[in-house]
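So you can see what is in the structure, the chains are spelled out below.
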Amino acid sequence: MKLDVNAVRNDFPILQQKIYGKPLIYLDNAATTQKPNAVMQAIVRYYETLNSNVHRGNHLLSIQATDAMERARNRIASFIHAPHPEEIIFTRGTTESINLVAQGFASSLLQPGDEVIISALEHHSNLVPWQQACLRTGAQLKIIPLDESGQIRLGDFRNLLSEKTRIVAIAHVSNVLGTILPVQDIIDLAHRRGIPVLIDGAQAVQHLPIDVSQLGCDFYAFSGHKIYGPTGIGILYGKGSWLEKIPPFQFGGEMIEIVSFEKTTFNEIPFKFEAGTPNVEGIIGLAAALDYLCQIGLESIFKYETELFEYALHKLSRLDDVRIIGRAKDRCSVISFLLDHIHPYDTGTLLDQMGIAVRSGNHCAQPLIDLLNLPGTVRVSLSFYNTREEIDILITALQKVKDIFQ
Amino acid sequence: MQSIQEKADQIVKELNQFDDWLDKYQYLIEKGKELYAAGSEIKNDTNLISGCQSKVWLVSEYRDGRLYFKGESDALITRGLVSMVIQVFSGSTPDEILSFEPKFIEEAGLSQHLSPSRNNGLLSIIKQIKLYAFAWKIKNNYQNK
């Protein structure tokens, strides 16, 4: 079914906002996505009808809130095709999901001389946790280099794999270049040597169909707020066998089994990783976001986004003095570029004045920006509520930016 | 010699003559071009105000009880903002700088550049200017003892 973008836009009240008196053109979706009415209504409904502490009371509201939260866990599991709902851990976001695994590995599974493999295009949140885990344990961080298109070569990855490799942690989609990494091949190559793989899906889960069973990855991390859900809720999918091996990350209520003053035994998964009262409104809001996406139709969303991406890429490439950063064959949603002789901050500031929200800077991927020897980039990132008309306005605005600096 | 407040008032007056954002930014870009071309001599890591969006380098010089600043940026709008701030603060005593409340930025309609998300916005430039003033003041007090 064809996506009706006007109908979709009506579901997102914020898109009617004016910025400096101009209609908002929101092209910063890789930073965070806007929220449909369905998500906001689900949160309000939760507080109006269900709010009470989960897994703790034997009164009706608590039982209902617990049911709603566990139904949401099932919903999220089925969205990414996780076979067992207890393999879905609620966190604060992708960053916390990755920290949970990295710190778990650091406390029991990494030894001096061991190796952790990441790629050169990682967001800081899939780099710093591993770097710190390595510093703590004496393990070594190995980096898969990029080719000139902004993609990794599987040969380079294969060369880094060794009997010392303990885990591979890699982005599914680059937040700077939009590159879709060959995660299936990476997982297969690593698994041939019995090495687990964590996928940072923060930029993928909202633009590509995700099937963790088919991928076979050991961990998959993503954030609610980048897939039209609330902020402050994230997901870590982990294979049960790995989640059993990793020690708890935080300690407190709900994650325990038996506590005395001398000793505590821990609850089973997922609860051993969910200390404290969880972000119930976030969890319910995220499930509502996934329901909303499925109701629109994932296939129509992805098809629309692909066409819009091609359109934007084509239009931007045709503009004089534009340099697109990253030319990998497989890309989605994100386009980074520079206008010749114009600093990305200047471009971003002037676009903002024209009501166009983009990101400029190093996008929390400083090593990548340094590697490309750039002052940063201007990043446009698309969602299914963006339109061709908005891209046309962006192109006119960029022309104006060029005129101003000439 | 004009006081800091008088110089700030003048900037506010100049910027508020523009109704259109475009004119305002064009003025800032021109202002950036006026900036003393400090060039590569100050563009080093020691003088860098660290941040995320654009790079700013700032140095201070102390002469006859007053502070003088030189600055640079790799982005033109930031260069204009640096130029504007230097125009206001340069030539004042450390005490004047430390006690001056930079309300002129809001009054000039540039408050969006004060946002903490713009790491290299005016806030960090002014903070650095005040740090220089504080450092010179301490140094003088110590030497005069």
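Everything below is about the structure shown above.
Residues numbered from 1 in each chain as written. Chains lettered and ligands numbered in written order. Predicted model: local features only at pLDDT ≥ 70, side-chain atom pairs only at ≥ 80, totals over all residues. Heavy atoms only, no water.

Chemist: Help me understand the pairing of strand β8 (residues 197–200) of chain A, please; the structure alone is not making it clear to me.
Modeler: Side-chain positions along a regular strand alternate between the two faces of the sheet. All names here are of chain A. The two faces of β8 match: Val 197 and Ile 199 on one face and Leu 198 and Asp 200 on the other face are all buried. Strand direction decides the pairing type here: strand β7 (residues 165–171) and β8, joined by four bridges, are parallel. Bridge pairing in β8 links Val 168 to Val 197. The parallel pair β7 and β8, bridged by helix α7 (residues 183–192), forms a crossover whose chirality is right-handed. In this structure, β8 lies alongside strand β9 (residues 219–223), joined through three bridges in parallel fashion. Across the sheet, residue Ile 199 finds its bridge partner in β9, namely Tyr 220. (Buried < 20%, exposed > 50% of the residue type's maximum accessible area, 1.4 Å probe, protein only. Helix = DSSP H or I, 4+ residues; strand = E, 2+ residues; numbered from the N terminus. Pairing = 2+ DSSP bridges. Right-handed = clockwise from strand over helix to strand, strands pointing away.)

Chemist: Before we go on, may I ask you to explain the sheet that holds strand β3 (residues 66–73) of chain B in this structure?
Modeler: Paired through backbone hydrogen bonds, the strands of a sheet run either parallel or antiparallel to each other. All names here are of chain B. Judged by pairing direction, the sheet is antiparallel, and its three strands sit side by side in the order β1-β2-β3 without closing on themselves. Looking along the sheet, the strands with just one partner apiece sit at the ends: β1 (48–49) and β3. As paired strands, β1 and strand β2 (residues 56–63) are joined by two bridges and run antiparallel to one another. Note on β2: the bridge partner recorded for Ile 49 is Val 56. Against the sheet, helix α3 (residues 76–89) engages β2 and β3, with an angle of about 175° to β3. (Contact = heavy atoms within 4.5 Å. Axes fitted to C-alpha atoms, helices over the stretch in contact; angles between N-to-C directions.)

Chemist: Sorry, what's going on with the pattern of salt bridges here?
Modeler: A side chain of one charge can pair with a side chain of the opposite charge if their charged atoms are brought near each other. Residues and elements named next belong to chain A. Tallied over the full model, the rule gives 20 salt bridges over all chains. Put simply, Arg 73 and Glu 274 hold a salt bridge, and the shortest N to O gap is 2.8 Å. You can see Arg 73 sitting in helix α3 (residues 60–79) and its partner Glu 274 sitting in the loop between β12 (264–266) and α10 (280–296), a full 201 residues away along the chain. Here Arg 153 makes a salt bridge to Glu 148, at a shortest N to O gap of 3.7 Å. The class of Arg 153 is partly exposed, set by a relative accessible area of 41%. Through salt bridges with shared partners, one network takes in Glu 70, Arg 73 and Glu 274. (Salt bridge = Lys/Arg side-chain N within 4 Å of Asp/Glu carboxyl O.)

Chemist: What is the right way to look at the side chain of Arg 331 of chain A in this model?
Modeler: Residue and element names in this part refer to chain A. Inspection of the secondary structure puts Arg 331 in the loop between β13 (322–325) and β14 (334–339). Here the side chain of Arg 331 touches Gly 326 through a polar contact of 2.8 Å, landing on its backbone oxygen. A polar contact is formed between the side chain of Arg 331 and the backbone oxygen of Ala 328, at a distance of 2.9 Å. Beyond its immediate sequence surroundings of up to four residues, Arg 331 is in contact with Leu 177, Gly 178, Thr 179, Ile 180, Phe 309, Leu 313, Ile 324 and Gly 326. (Polar contact = N/O pair within 3.5 Å; in protein donor to acceptor, adjacent residues only side chain to side chain.)

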